[in-house]
Each structure stands twice: as structure tokens, then as C-alpha cells.
Amino acid sequence: MYRKLNRTILATIFVVLLSVVILIELADSRRGGRNFPESLVSVDAGEITALELFPRVTGGKVIKLIKNGDEWSVESDDKKYRADGSRIISLINELNLMSPESVVSVKEEGWEQYEVTDSLGTRVKLFSGSKLLSDLIIGKFSFSQSRKMTSYVRTAGEKEVYGIDGMIGMSFNRNINYFRDNTVIDSPASEWSELSFSYPADSSFVMEKAADKWMVDGQRADSASVTEYLSSLSDLSDSRFAEIDNAAGLTMTHKLVIGKSDGTEPLEISGYFTGGDEFFVESSQNIGALFNSRELAEKIFISKKKLTGK
């Protein structure tokens, strides 16, 4: 009788333990069997006040992205420029969307293989005020036979290296110019009432709007040419920044002043042609930025003939 009772107790214990194992397995399968975090970064982009990047392309030299009110600036090597705020928000969102798909290494010996050491990777720090919210090292990326792209990331101070879908490092492993505001003109052409072109010699002219028609020095302008030109200017940007920081010492040779129908401050685009391919451009909409692009200058400072056909 006792033997039978012992068998019953043992069978009951076995069933209970088996049930626990099954429940654990089911829970793991529903989670995909994950034994690592679902995300490495979870921050509110609006709370981020600074990022510090240590890109591999700069030899680990720090690039600081700093929020001032609603504006962002980028700093490195004692140089400070206006930054592209939308690009910075995209970087933060990209970090938030990172979801580890696998753990590829749990030992320090594997860091070099995936390029997540301080010297081989790109380090990214996120701050809210003086509080460090996240500190990552983004390493290399690789392609699988199915052409799937995987990036490798490690949280600073931890040994685990995670495989993450996508090419994360490309957005962060950049030089300072990538983060700069590259705006030349950002203004709806529908708000413009007059464009005054100041050129060398006697080639200057004025194009103004009268009764919804554009006139060039009193002559009717070609509507198709004008539409094409204004469309090309209203949302104009360029990333070919000059190696010099300002136009001091340069002689202005070209100028375009765009007057607005609402009477607000006109836009001013200045050009400095120094010969050859050296044609510098600066805009009142992006103070502190100087572009060096003959292509950009020729797009802005067009001839009277191109607008009238005469």
C-alpha cells in the first residue's frame, strides 16, 4: 500500500514538474526564445540635449551635437556650425528602432572580430542634460548569403555583442560636414515678388512680379523658364562646404536679393568668384556656412537671357 502511495506521489510530482517545463518552453517560444533585450536604446528624442560621436573615420575624434532651445549645433576641433536638426532626430530614432536579433559573442575576445572596440568601432553617447542615457559602440556590418545585412553593436561596459538588422554604422561613422545644416534657400517661390541680380560690368538686372506675370527689366519673361528657375531655387541645399570658414578676404562678385510680397526680410545670396572652379556662395538663411561650388553658383546666378530667351 505504501509502495503504491509512493508511486502515486512520485507520478504527481513528475506531472507537476513536466507541466512547469512545458509552460516555460511555451513562454520562451512565444518570445522567440530570446534571452537578450528587445532593444538597446529607449529614449524620448525630445529629452535628448546632446550626442557625442566618436566616428572611426575621424580617428575617434569627438563630434558633439548640442541642442540650444529648438536649434542644434555641431562642434569639433574648436569649430562650431549650425546643424541639421532633422538629421539628428533621425539618428536618435534609428537608435530607438534597433532590435537585437542575436547574440554573436559574449567574450571580450570577440570584440575585434565585430569591430566593437573603442578603436575599431564608432562610439555613440546620448545625454539628457548631464545624465548619460546610452553609450554604444557600433561596429562593422556584414551580408549573409541571402543578402541580409547585419550590423554589430555592443553596449559600453558590457561584453555581449548583438547582431542587428540593417546598416546602422553608416549614419554615425561620418565627418563633421555630414551633420551641418546644408540649407542655401528654403522659401516658397510663391511668396517672392522681386529678384535683383547684381553682376560685374553692366550685366545686372531685376525680375519683378506684376499682375501675376514676371517681367525682366520691363520685358515679359518666358513663363516656362521662370517657373523652372524658381522651382530649382525654392528648396536648394548643398553639402560642398568650403575649407575656409567665412568670406573674409574674398571680393563679392555676384549677389541675388529675393524680395518677398509679405514685406518680411529679403533673402540675400552672395557669390565670390575667384577664378577656375573656385566659386564661393553664402546665404542669409544659413549664417556661418560658406559653400564652394561652381555648379551651385551657376544654378543661382543665371543670365538675363535664360529668363527672357533674348
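(A) Just the overall build of the chain, in detail. In terms of regular secondary structure, the chain is built from seven helices and 19 strands. Counting every position in the chain, which comprises 310 residues, the buried fraction comes to 37%. Considering only contacts in the chain between residues 6 or more positions apart, those separated by 24 or more positions represent 56%. A total accessible area of about 17,800 Å² is found for the chain, and carbon and sulfur atoms account for 49% of it.

(B) Looking closely at helix 2 (residues 85–97). The first and last C-alpha atoms of helix 2 sit 19 Å apart over 13 residues, in line with the 18 Å expected at 1.5 Å per residue. Of the positions making up helix 2, those classed as buried are Ile88, Leu91, Ile92 and Leu95. The buried side chains of helix 2 occupy one side of the element, clustering within an arc of 95 degrees when seen end-on. For helix 2, exposure combined with an orientation more than 90 degrees from the buried face picks out Ser86 and Leu97. Packed against the buried residues of helix 2 are strand 1 (50–54), strand 2 (63–68), strand 3 (71–76), strand 6 (122–128), strand 7 (131–143) and helix 4 (169–172).

(C) Spotlight on the pattern of salt bridges. Applying the stated criterion across every chain, the model contains 13 salt bridges. The residue Lys61 makes a salt bridge to Asp77 at a minimum N-O spacing of 3.3 Å. With a gap of 16 residues between them, Lys61 in the loop between strand 1 and strand 2 and Asp77 in the loop between strand 3 and strand 4 (79–82) connect regions that are remote in the sequence. Two residues, Arg240 and Glu295, come together in a salt bridge whose shortest N-O distance is 3.0 Å. Within this pair, whereas Arg240 is found in the loop between strand 15 (235–237) and strand 16 (254–260), its partner Glu295 is found in helix 6 (residues 294–300), the two being separated by 55 residues in sequence. Judged by relative accessible area, which is 35%, Arg240 ranks as partly exposed.

(D) Main features of the environment of Lys79. Within the fold, Lys79 resides in strand 4. By relative accessible area, Lys79 is classed as partly exposed at 38%. On a C-alpha basis, the gap between Lys79 and Ile176 in space is 9.6 Å, while along the polypeptide they are 97 residues apart. Once you skip the residues sitting within four places of it in the chain, Lys79 turns out to touch Val74 and Asp245.

(E) Geometry of unusual backbone geometry. Despite not being glycine, Asp78 shows a phi value in the positive range, around 65 degrees. If you trace the backbone, Asp78 turns up in the loop between strand 3 and strand 4. Despite not being glycine, Ala201 shows a phi value in the positive range, around 60 degrees. Looking at the secondary structure, you find Ala201 in the loop between strand 11 (192–198) and strand 12 (205–210).

(F) Highlighting the side chain of Thr150. For Thr150, the position within the fold is in strand 8 (residues 149–155). With residues up to four places along the chain from it excluded, the contact list for Thr150 reads Lys140, Phe141, Ser142, Gly163, Ile164 and Gly166.

(G) Molecular detail of the packing of aromatic side chains. In the structure shown here, the tally under the stated rule is 11 aromatic pairs. Summarising the aromatic geometry, the rings of Phe197 and Phe205 are spaced 4.4 Å apart at their centres and angled 20 degrees between planes, so their arrangement reads as stacked. Exposure class is identical for Phe197 and Phe205. Each is buried. Where Tyr199 meets Phe301, the ring centres are 6.4 Å apart and the plane angle is 85 degrees; that geometry is what we call edge-to-face. Of this pair, Tyr199 sits in the loop between strand 11 and strand 12 while Phe301 is found in the loop between helix 6 and helix 7 (304–308), placing the two residues 102 residues apart along the sequence. For the residue pair Tyr199 and Phe301, the accessibility class agrees, reading buried in each case. One cation-aromatic arrangement involves Arg154 over Trp111; the distance from NZ or CZ to the ring centre is 3.5 Å.

(H) Broad picture of the pairing of strand 11. The sheet contact formed by strand 11 and strand 16 spans six bridges and is antiparallel. Within strand 16, the position partnered with Ser198 by the bridge is Lys255. Pairing analysis gives four bridges linking strand 11 to strand 12, with the strands arranged antiparallel. When the sheet's bridge partners are listed, Glu194 is paired in strand 12 with Glu208. In textbook terms, the turn of a hairpin is the stretch between consecutive antiparallel strands, and for strand 11 and strand 12 this stretch comprises six residues, one of which, Ala201, has a positive phi near 60 degrees.

(I) Broad picture of the sheet that holds strand 14 (residues 219–220). As summarised here, the arrangement of the eight strands in space is 14-13-12-11-16-17-18-19, forming an open sheet in which the pairing is antiparallel. Edge positions in the open sheet fall to strand 14 and strand 19 (291–292), since each of these has one partner strand only. Most of the contacts of helix 5 (residues 223–234) go to strand 11, to which it runs at about 90 degrees, and overall it touches strand 11, strand 12, strand 13 (213–216) and strand 16.

(J) A look at the nonpolar core. Judged by nonpolar contacts, the single largest core of 32 residues is most densely connected at Trp192, Leu195, Leu256 and Ile300. Broken down by element, the residue count for this core peaks at four residues, all from helix 5. Sequence-distant contacts of Leu256, defined by excluding residues within four places in its chain, comprise Leu195, Ser196, Phe197, Tyr229, Leu233, Leu267, Glu268, Ile269, Ile300 and Phe301. Counting residues in hydrophobic clusters, the runner-up holds 31 residues, among them Ile48, Ala83, Ile92 and Tyr162.

So, how was this worked out
- Residues numbered from 1 in each chain as written.
- Predicted model: local features only at pLDDT ≥ 70, side-chain atom pairs only at ≥ 80, totals over all residues.
- Heavy atoms only, no water.
- Helix = DSSP H or I, 4+ residues; strand = E, 2+ residues; numbered from the N terminus.
- Buried < 20%, exposed > 50% of the residue type's maximum accessible area, 1.4 Å probe, protein only.
- Contact = heavy atoms within 4.5 Å.
- Areas by Shrake-Rupley, 256 points an atom, 1.4 Å probe, with all protein chains shown as cover.
- Expected span 1.5 Å × (residues − 1).
- Arc of directions from axis to C-beta.
- Salt bridge = Lys/Arg side-chain N within 4 Å of Asp/Glu carboxyl O.
- Phe/Tyr/Trp six-rings, centres within 6.5 Å; stacked < 30°, edge-to-face > 60°.
- Lys NZ or Arg CZ within 6 Å of the ring centre and 35° of its normal.
- Pairing = 2+ DSSP bridges.
- Axes fitted to C-alpha atoms, helices over the stretch in contact; angles between N-to-C directions.
- Core = buried A, V, L, I, M, F, W, Y, C linked by side-chain atoms within 4.5 Å.

Bear in mind that shape data such as this cannot, by itself, settle questions of function.
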